[in-house]
Amino acid sequence: MTGTIVGPLGSPHQVHVDARGRVAPLDHRWSLDWWVGADDRWHIPAHEPAVRQSLVDAAPVARTALRVPHGDAVQHVYGVGGPGAPVIVEVTNESPAPFVVALVISGAHRVEVDGATVAVDGHPTLWLTRPPSRWAASTDDTTQAQIRAGDAQGGPFAPQRDRDGRLEVALLHPVAHRTRLRTALRLGGDAPPDLERLPDPDAAARGWQAQLTRGLQVDVPDDRLADALRRARAQALLAGLRRPVDPLVVAALEDWGFDAEARAAWSRLGWKARRVAANRAATPPRWADVTAATQRGGAPLLLAARALLAHETDAATITLLADVPPHWKGHGIEVHDAPTRHGLLSYAVRWHGARPALLWEAPPGVRLRAPGLDPTWSSEATR
């Protein structure tokens, strides 16, 4: 599954954002897409070649840019904590001309619109900044054709129903140059949010960065790995809220020092899953194992990277840097507040030419090894 999971921290109500910006709630069968009508034609992100997606500062804030004449239509999807814990879907016009955004609900059984509130399958779910100016609906995938032909309807929205869940509804909104259309998607409550007072995407990303200053912190000379670890830590915090919870996610939360989240997720595991979560590899990984885990991301990457940086070989031995890739040599490495059975461990590697210097603060009662730096070295000193 490509794309990313987005949601408010602390809420199990999350969405999947695919590589084209389609938003699919994880616990519902319907989805929310976006189409853009510019002065040349309608641009459908699912079919356009000029679509680029990224995360804002590696946080679960998905940014999808769609090329339109002389600029971009930019969609952001991100979660907001607080009352109702909404997911925000925001489209900004970064072109010099106005365009029309169609918010497209697909796969629903019933859609009703009351002013700027949209109920999907009987539940108030979407809150818009203003009522739609026009609309179109079908159960046979002809909604696009209606809009392209200029047949979208004005006036009050007529409730739409389809017992087979094939309903597709497009709600059209004009968006002027350098303005935005903001929508709040709430899956866990029905109180209308104040759309204008909710944080913007950059503020949401800053909130995530503040969360990620907790727990184990690492500084490695590998930008790709560092970026992947930031993404994986945020995704683990979200995954720990879902039901059922993956035991590997619980293990990753433990290994990276998210103690409260790990305890909460652990309480939802069965006995078999708890055995999986408590298990760790008997030997530390090689760099190739971490590289392979980077392709998977998520909990497998967090577990592999943590074991490479600090692996509890047995009850009294911690192995640091079992394997140091060639491109790390000569560059500083820092690990702060790695949780172990005995307490927190921190260390740093500095280089004097080709010779590494290791500085550490370790809990008492453990022996440290660093075979990737020197296979013969060990110490039981606390610093």
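Residues numbered from 1 in each chain as written. Predicted model: local features only at pLDDT ≥ 70, side-chain atom pairs only at ≥ 80, totals over all residues. Heavy atoms only, no water.

## Re the overall build of the protein chain
Scanning the protein chain from terminus to terminus reveals eight helices and 25 strands. Taking the principal axes of the C-alpha coordinates as reference, the protein chain spans close to 80 × 45 × 35 Å. Each of the 383 residues in the protein chain was classed as buried or not, and the buried ones make up 51%. Pairs at least 24 apart in sequence give 58% of the contacts found in the protein chain among residues at least 6 apart. Accessible surface, the protein chain: about 17,300 Å² in total, of which carbon and sulfur atoms supply 50%. (Helix = DSSP H or I, 4+ residues; strand = E, 2+ residues; numbered from the N terminus. Buried < 20%, exposed > 50% of the residue type's maximum accessible area, 1.4 Å probe, protein only. Contact = heavy atoms within 4.5 Å. Areas by Shrake-Rupley, 256 points an atom, 1.4 Å probe, with all protein chains shown as cover.)

## Quick word on the packing of aromatic side chains
Within the structure shown, the criterion is met by three aromatic pairs. A centroid spacing of 5.3 Å and a plane angle of 65° characterise the contact between Trp 287 and Trp 328, whose relative ring orientation is edge-to-face. Of the two residues, Trp 287 is situated in helix H7 (residues 287–296) and Trp 328 in the loop between strand E20 (317–319) and strand E21 (333–340); the sequence distance between them amounts to 41 residues. With respect to class, Trp 287 is no different from Trp 328; both count as buried. Geometry around Trp 127 places Arg 186 over its ring, the cationic atom sitting 5.8 Å from the centre. Of note, Arg 274 hangs over the ring of Trp 271, and the distance from its end group to the ring centre comes to 5.1 Å. (Phe/Tyr/Trp six-rings, centres within 6.5 Å; stacked < 30°, edge-to-face > 60°. Lys NZ or Arg CZ within 6 Å of the ring centre and 35° of its normal.)

## A short note on the sheet that holds E21
Pairing is antiparallel across the open sheet formed by four strands, whose spatial order is E18-E21-E22-E23. Taken across any chain shown, the strands that pair with only one partner, and hence form the sheet edges, are strand E18 (217–219) and strand E23 (355–361). On average, each strand axis in the sheet is tilted by 20° relative to the strand beside it, whichever way the strands run. (Pairing = 2+ DSSP bridges. Axes fitted to C-alpha atoms, helices over the stretch in contact; angles between N-to-C directions.)

## Digging into the sheet that holds strand E19 (residues 311–314)
Strands sit in the order E19-E20-E24-E25 across an open sheet of four strands; the sheet is mixed. For this open sheet the edge positions go to E19 and strand E25 (378–379), each flanked by a neighbour on one side alone.

## Side note on the nonpolar core
Within the largest apolar cluster, 65 residues are counted, with the highest numbers of intra-cluster contacts made by Leu 320, Leu 321, Trp 328 and Tyr 347. Mapped onto this core, the elements with two or more residues apiece are helix H2 (201–211), helix H3 (223–239), helix H4 (247–255), H7, helix H8 (298–309), E21, strand E22 (343–352) and E23. Ranked by residues supplied to this core, first place goes to H3 with 10 residues. Once you skip the residues sitting within four places of it in the chain, Leu 320 turns out to touch Leu 308, Leu 309, Ala 310, Leu 345, Tyr 347, Leu 358, Leu 368, Arg 369, Ala 370 and Pro 371. Counting 39 residues, the second largest nonpolar core, distinct from the first, contains Val 36, Val 89, Val 118 and Ala 137. (Core = buried A, V, L, I, M, F, W, Y, C linked by side-chain atoms within 4.5 Å.)

## Structural notes on the pairing of strand E4 (residues 31–37)
Most of E4 is tucked away, with seven of its seven residues classed as buried. Side chains Ser 31, Asp 33, Trp 35 and Gly 37 project from E4 onto one buried face, and the interleaved Leu 32, Trp 34 and Val 36 project onto a second face that is buried too. In this sheet, strand E10 (residues 99–108) lies alongside E4 in antiparallel orientation, the contact comprising seven bridges. In the strand pairing of E10, Leu 32 is matched with Ile 105. Two strands pair when backbone bridges link them, and E4 and strand E5 (residues 42–43) are joined in this way by two bridges, in the antiparallel orientation. The residue bridging Gly 37 from the neighbouring strand is Trp 42, located in E5.

## Digging into the pattern of salt bridges
What the rule picks out here adds up to 21 salt bridges. In this structure, Glu 261 and Arg 214 form a salt bridge, with 2.8 Å as the shortest nitrogen-oxygen distance. On the criterion of sequence distance, the pair formed by Glu 261 in helix H5 (residues 259–266) and Arg 214 in the loop between H2 and E18 is long-range, its members being 47 residues apart. The exposure class of Arg 214 is partly exposed, given its relative accessible area of 30%. (Salt bridge = Lys/Arg side-chain N within 4 Å of Asp/Glu carboxyl O.)

## Quick notes on empty space enclosed by the protein
Per the stated rule, a full pass over the model turns up one cavity of 30 Å³ or more. If you add up the space inside the largest cavity, you get close to 40 Å³. Lining the largest cavity, in full, are Ala 38, Asp 39, Val 68, Pro 69, Ser 95, Ala 97, Pro 98 and Phe 99. A class-by-class count of the residues in the lining of the largest cavity yields six nonpolar, one polar and one charged. (1 Å grid on protein atoms, 1.4 Å probe; cavity = no way out; pocket = protein on both sides within 12 Å on 5 of 7 lines; lining within 4 Å. Points joined across faces, edges and corners; volume = space filled by probe spheres on them. Nonpolar A, V, L, I, M, F, W, Y, C, P; charged D, E, K, R; others polar.)

## Regarding the environment of Pro 201
Checked against the element boundaries, Pro 201 lands in helix H2. Not counting residues within four places of it along the chain, the set of residues in contact with Pro 201 comprises Val 61, His 76, Tyr 78 and Glu 90.

Purely geometric stuff here, so don't read any function into it on its own.
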